[in-house]
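Residue-level structure breakdown
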Amino acid sequence: MKKSSMIKLAAGAAALLLMSTSAQAGYTMKKKVGDVDTKLTFFGFSQLEARAGDGIIKDGEDSKVAFGAQRIRLGWKYQAGKVRGKVFLDFNQDHAVNGKTGDGAAMPKMVKDAFISYVADPAFVIKAGLIKMPNGMSFTMPGWNLDIAERGFDKKLVLERNTGLMVSGRAIGGSGKVNGFEMGHERPWVGFGYDVMIANQADRSAVAGSSKNGGNSYAVRGMYDNTEKLHIEASYALSENAAGPSGVAGGEDYSNINIGIDSNLGNLSLKAEYFDAENLNGVKGYDEKALTATAGYFVTPSLELVGKYMKADAEKVGSADTSLTNVYLGANIFISSPYQDFSRKAKRMRNQHKVVLNYVMASGDTDSNNVAGGYTDDAIIAQYQFKF
């Protein structure tokens, strides 16, 4: 394609993006195809960071501050009647296909979501493709909507994203909008919800990677919502013949039970989550329990103080039981505050432009432990996020 044609194409695309019908959910184009109303929405976000401290910069390294990005993402959603489609890419992830899943349908890690769904009813939504497995309350919330700069070591225990088939329902016996893109508890519904998924081996999981023996992974989750004041969920997940990403010779099925609770109480928000995991990396008797508790308080619409406590206890055959604690203390500074109230919607909208400052304190068995992930020394994180 000629350079002039490429410039015209880019200019046209930019003009279409600027003709937005919804600033809250990216930039939207609408078109009627026959009797069907269709909608295409572009969205994305970036998280640029500076990190320091002994938990980041190791002894012998020259840097005093490490600069980088955690996420650089761009995606689009398509709606046509009851049909939905979503593609979400992270340009800060590996573009190559590393290894194969159980059926050989591997995708590069830069592809975060790639699925289609059919909304037969709010209580019955079918999704197929690369999707977040319904396991882990914090993990299934968007990465731009976190309380701190990153997910903690509890994320190591989830089954991550996977290619498979999922059936979901929300607002059962109650009320609330369901659009077919749901992965977690994005909206303040009233009523019950569920997710059931079967997929390839969880080869993106830090502790349940695929093995040469093949297999599948499974997850089931139930939840209850009573507006934004209360969300509670529980899930069970399993990946067969786990080996872990490091190629550990495991072979046992990895599984975990997750329980989470989330409450938005105006200025104050509270969250707690618990994992009970067995056979990490497919090693029989390698188990871990993890507990997290998060509190956030809005001093003003532009300033939120946040603290997150995480503790994990691991036991492994042939090793002493070990424990690790990470405590995040910090603040979220919102550069753009389009709403002045403290509803869940207003809080999410503030995340379009924010600065996150976190100080991480590590304690416990920091010299040697079997806990999956986590900081073993103190760290400082400064992050700027913008989202459209």
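Scroll up to find the structure this text is about.
What this report covers is the structure whose coordinates are included nearby. (Residues numbered from 1 in each chain as written. Predicted model: local features only at pLDDT ≥ 70, side-chain atom pairs only at ≥ 80, totals over all residues. Heavy atoms only, no water.)

Looking only at helices and strands, the chain has two helices and 17 strands in total. Here the C-alpha radius of gyration of the chain, 21 Å, is about what a compact globule of 388 residues would show, namely 21 Å. With the C-alpha coordinates of the chain rotated into their principal frame, the extents come out at 65 × 55 × 45 Å. Counting every position in the chain, which comprises 388 residues, the buried fraction comes to 46%. By sequence separation, contacts in the chain at least 24 residues apart represent 61% of the contacts at least 6 residues apart. For the chain, the accessible surface area stands at approximately 17500 Å², while carbon and sulfur atoms represent 60% of it. (Helix = DSSP H or I, 4+ residues; strand = E, 2+ residues; numbered from the N terminus. Rg over C-alpha atoms; globule rule 2.2 N^0.38 Å. Buried < 20%, exposed > 50% of the residue type's maximum accessible area, 1.4 Å probe, protein only. Contact = heavy atoms within 4.5 Å. Areas by Shrake-Rupley, 256 points an atom, 1.4 Å probe, with all protein chains shown as cover.)

Moving on: the pairing of strand E13 (residues 287–300). Two strands pair when backbone bridges link them, and strand E12 (residues 268–278) and E13 are joined in this way by ten bridges, in the antiparallel orientation. Among the inter-strand pairings, Leu 270 is bridged to a residue of E13, identified as Ala 295. (Pairing = 2+ DSSP bridges.)

With that out of the way, let us pick up unusual backbone geometry. A positive phi angle is found at Thr 227, which is not glycine, with a value near 55°. Tracing the chain through its elements places Thr 227 in the loop between strand E9 (216–226) and strand E10 (230–239). Judged by relative accessible area, which is 31%, Thr 227 ranks as partly exposed. Notably, Asn 281 is not glycine yet its phi reads approximately 55°, a positive angle. Its place among the elements puts Asn 281 in the loop between E12 and E13.

Turning next to the pairing of strand E17 (residues 379–387). Alternating residues of E17 divide into Ala 379, Ile 381, Gln 383, Gln 385 and Lys 387, all buried, and Ile 380, Ala 382, Tyr 384 and Phe 386, none buried. Two elements, strand E2 (residues 36–52) and E17, share eight bridges in a ladder whose sense is antiparallel. Along E17, the bridge assignment pairs Ala 52 with Ile 380. With eight bridges joining them, strand E16 (residues 353–364) and E17 adopt antiparallel strand pairing. Bridging across to E17, Asn 358 finds its partner in Ile 381.

The next thing to look at is the pattern of salt bridges. According to the stated counting rule, one finds 14 salt bridges in the structure shown. The shortest N-O distance in the salt bridge between Arg 187 and Glu 182 comes to 2.9 Å. Exposure remark for Arg 187: the relative accessible area of 22% places this residue in the partly exposed category. Here the salt bridges share partners, and the residues they tie into one network are Arg 170, Asp 195, Arg 221 and Glu 233. (Salt bridge = Lys/Arg side-chain N within 4 Å of Asp/Glu carboxyl O.)

Further remarks concern the environment of Tyr 339. Topologically, Tyr 339 is positioned in the loop between strand E15 (322–334) and helix H2 (344–350). Here Tyr 339 falls in the partly exposed class, since its relative accessible area comes to 26%. Distance from Tyr 339 to Lys 127, taken between C-alpha atoms, is 33 Å for residues 212 residues apart in sequence.

With respect to the helices, strands and loops of the structure, Ser 117 is situated in strand E5 (residues 111–121). For Ser 117, a relative accessible area of 4% puts it in the buried group. At a separation of 3.1 Å, a polar atom in the side chain of Ser 117 contacts the main-chain carbonyl oxygen of Gly 180. (Polar contact = N/O pair within 3.5 Å; in protein donor to acceptor, adjacent residues only side chain to side chain.)

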